[in-house]
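The lines below spell out each chain.
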Amino acid sequence: MARDNIRTFSKLDFNFLGTAIVIAAVGCLLIYSATYFDDPGLGIFKKQLLWLTIGFVLMLVCLFIDYHVFFDVAPILYGLGIILLLYLMAFGRLTANVRSWIHIGTFQFQPSEFMKIFTAIMLAKFFDNHERAYMDFKSFFRAMLIIGIPVGMILLQPDFGTAATFFPLVAVAMFFGGIRWRIWAAMVVVVALLGLAGYSVMKPYQKDRIITFLNPDRDPLGKGYQVTQAKIAIGSGGIHGKGFRQGTQAKLDFLPAHHTDFIFATLGEEWGFIGVVIVLGLYLFLIFQALTFAKKARDRGGAFLAICLIAFFIFHIFINVAMQIGVLPTTGIPLPLISYGGSSTMMFLMAIGLMLNVDMRRFGATSTA
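Residues numbered from 1 in each chain as written. Predicted model: local features only at pLDDT ≥ 70, side-chain atom pairs only at ≥ 80, totals over all residues. Heavy atoms only, no water.

Counting secondary structure elements, the chain contains 16 helices and 2 strands. A total of 369 residues make up the chain; the buried ones form 50% of that total. Counting contacts in the chain only where the partners sit at least 6 residues apart, residues at least 24 apart contribute 76% of the total. Carbon and sulfur atoms form 69% of the exposed surface of the chain, whose accessible area is close to 17200 Å². (Helix = DSSP H or I, 4+ residues; strand = E, 2+ residues; numbered from the N terminus. Buried < 20%, exposed > 50% of the residue type's maximum accessible area, 1.4 Å probe, protein only. Contact = heavy atoms within 4.5 Å. Areas by Shrake-Rupley, 256 points an atom, 1.4 Å probe, with all protein chains shown as cover.)

See below:
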């Protein structure tokens, strides 16, 4: 058994793991640079180091335990996530217009971030047991129900941005699960109706984000201030950037949320076009490697798990970057492993561990212990 374990872990893709660590290190540098001026005690930076430490421990747990064991306990993990979301609905404290965080003393965490992992595992378990080339309506309904329950609960918080990040799971189920044209047509109609209904129940500040996206010059000092300052920061970085800790937009607080949602603008200002290309290149390497893991996975469940998890990365990267250059409306979606935040950092590191898990166990007999 020990020899089998050694053989299994000898297959660890250190290039993939090292790339994730480098991206996290870049995030630490950017958070330090963006906050050292108005946080001389480096409290934010130290907290991020703590989140990373916890995240790496969780990553190791997700790496060393055979992913089939996670499939076995998927209903328990999924149920735990639902219970936490129910707790938020009943007792959640309103923070920034939403009830998304559970507060325990000075510590707080966002259950919806961990629910992404639990839902991905549950969905992968479902497809691991579904061998047909196409899903019938019943199977499709069950897959959508797995995704739809947590999404509906998150929408009630109301946190439309986080709810939208579950969309990659829908895409994976539809494209890789296999559905016939009738279900495609039904989904288009449902999405259109949900879009109209969603806009009608949006809060005023959420509608303002969409209106500002369509016309950012409408209120450049008010609703359009974030996007305007982000564009200024990115553009002012030029080719080489202003240099480490030299970003005036972030340092002088012209750029809001410069260490969280808008940290990509901080990257563009301080590291310039070259730095942006390097970071996006690192992300691109992770994406291609994860897709390779999915392609070589030993079973259908492992392939779906890897695809679901890397789809989260792709979606977060695309949305975060697009909103800062004015292509999409502003929303609170972090940049993976770079933006400050405990729950999101831990979630993405857990995803890294699970993807490596799928790759390591593409050889040998399945173990469930």
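Note that Phe114 resides in helix H6 (residues 111-128). Its relative accessible area of 14% is what places Phe114 among the buried residues. Phe114 sits 236 residues away from Met350 along the chain, and the two C-alpha atoms are 9.1 Å apart. Apart from residues no more than four positions distant in its own chain, Phe114 is found in contact with Phe109, Ser343, Met346 and Met350.

In an α-helix, one turn spans 3.6 residues; hence positions three or four apart end up facing the same way. The end-to-end C-alpha separation of helix H15 (residues 300-324) is 37 Å, in line with the 36 Å expected for 25 residues at 1.5 Å each. A positive phi of about 80 degrees marks Gly326, the residue just after H15. (Expected span 1.5 Å × (residues − 1).)

Let's shift gears to the packing of aromatic side chains. In this description, a pair of aromatic rings is defined by centroid distance and the angle of the planes. Going through the model one piece at a time under the given rule, you end up with 12 aromatic pairs. Both rings, one in Tyr32 and one in Phe45, keep their centres 5.4 Å apart while their planes meet at 70 degrees; by these two values the pair is edge-to-face. Placement of Tyr32 in helix H2 (residues 14-35) and of Phe45 in helix H3 (residues 43-64) is noted, with a sequence separation of 13 residues between them. Note on Phe45: relative accessible area 18%, which makes it buried. Between Phe167 and Phe315, the aromatic rings sit 6.4 Å apart at their centres with planes inclined by 45 degrees, giving tilted as the arrangement. Of this pair, Phe167 sits in helix H9 (residues 167-177) while Phe315 sits in helix H15, and the two are 148 residues apart along the sequence. Counting every residue linked through ring pairs, the aromatic cluster contains Tyr32, Tyr36, Phe37, Phe45 and Phe244. Taking NZ or CZ as reference, Arg245 lies 4.6 Å from the ring centre of Tyr36, over its face. (Phe/Tyr/Trp six-rings, centres within 6.5 Å; stacked < 30°, edge-to-face > 60°. Lys NZ or Arg CZ within 6 Å of the ring centre and 35° of its normal.)

Tracing the backbone shows His258 in the loop between helix H13 (248-251) and helix H14 (263-296). On the basis of relative accessible area, His258 is assigned to the buried category, the value being 6%. For His258, the side chain forms a polar contact with the main-chain oxygen of Ala34, separated by 3.2 Å. (Polar contact = N/O pair within 3.5 Å; in protein donor to acceptor, adjacent residues only side chain to side chain.)

Turning next to the packing of H6 against H15. Closest axis-to-axis distance for the H6/H15 pair is 8 Å, and the angle between their directions is 145 degrees. Remark: the crossing between H6 and H15 carries right-handed chirality. Where H6 approaches H15, its residues Lys116, Ile117, Ala120, Ile121, Leu123, Ala124, Phe127 and Asp128 are matched on the opposing element by Arg300, Gly301, Phe304, Leu305, Cys308, Leu309, Phe312 and His316. Counted by class, the contact of H6 with H15 contains 11 nonpolar, 2 polar and 3 charged residues. (Axes fitted to C-alpha atoms, helices over the stretch in contact; angles between N-to-C directions. Left-handed = near helix turned anticlockwise from the far one by under 90°. Nonpolar A, V, L, I, M, F, W, Y, C, P; charged D, E, K, R; others polar.)

In this chain, Gln157 is followed by Pro158 through a cis amide linkage whose omega measures -10 degrees. Here Pro158 is to be found in the loop between helix H7 (137-155) and helix H8 (160-164). Of note, the phi angle at Leu42 is positive, near 60 degrees, even though the residue is not glycine. On the secondary structure map, Leu42 appears in the loop between H2 and H3.

Let us look at the nonpolar core. Counting residues in each nonpolar core, the largest one holds 96 residues, and the members touching the most others are Leu305 and Met355. Take this core: its biggest share by element is 13 residues, from H15. (Core = buried A, V, L, I, M, F, W, Y, C linked by side-chain atoms within 4.5 Å.)

This part takes up the confidence of the model for the chain. Mean pLDDT for the chain: 84, with 81% of residues reaching 70 or above. Predicted confidence for residues 365-369 stays below pLDDT 50, and this span has 11 contacts to residues more than four positions away or in other chains. (pLDDT = per-residue confidence, 0-100.)

As enumerated under the stated definition, the model contains 4 salt bridges in all. The partner of Lys116 in a salt bridge is Glu113, and the shortest N-O contact between them spans 3.1 Å. Of this pair, Lys116 and Glu113 both sit in helix H6, separated by 3 residues, roughly a single helical turn. For the pair Lys116 and Glu113, one class covers both residues: buried. With a closest N to O distance of 2.7 Å, Arg362 and Asp359 form a salt bridge. Of the residues examined, Asp359 reaches a relative accessible area of 5% and is grouped as buried. (Salt bridge = Lys/Arg side-chain N within 4 Å of Asp/Glu carboxyl O.)

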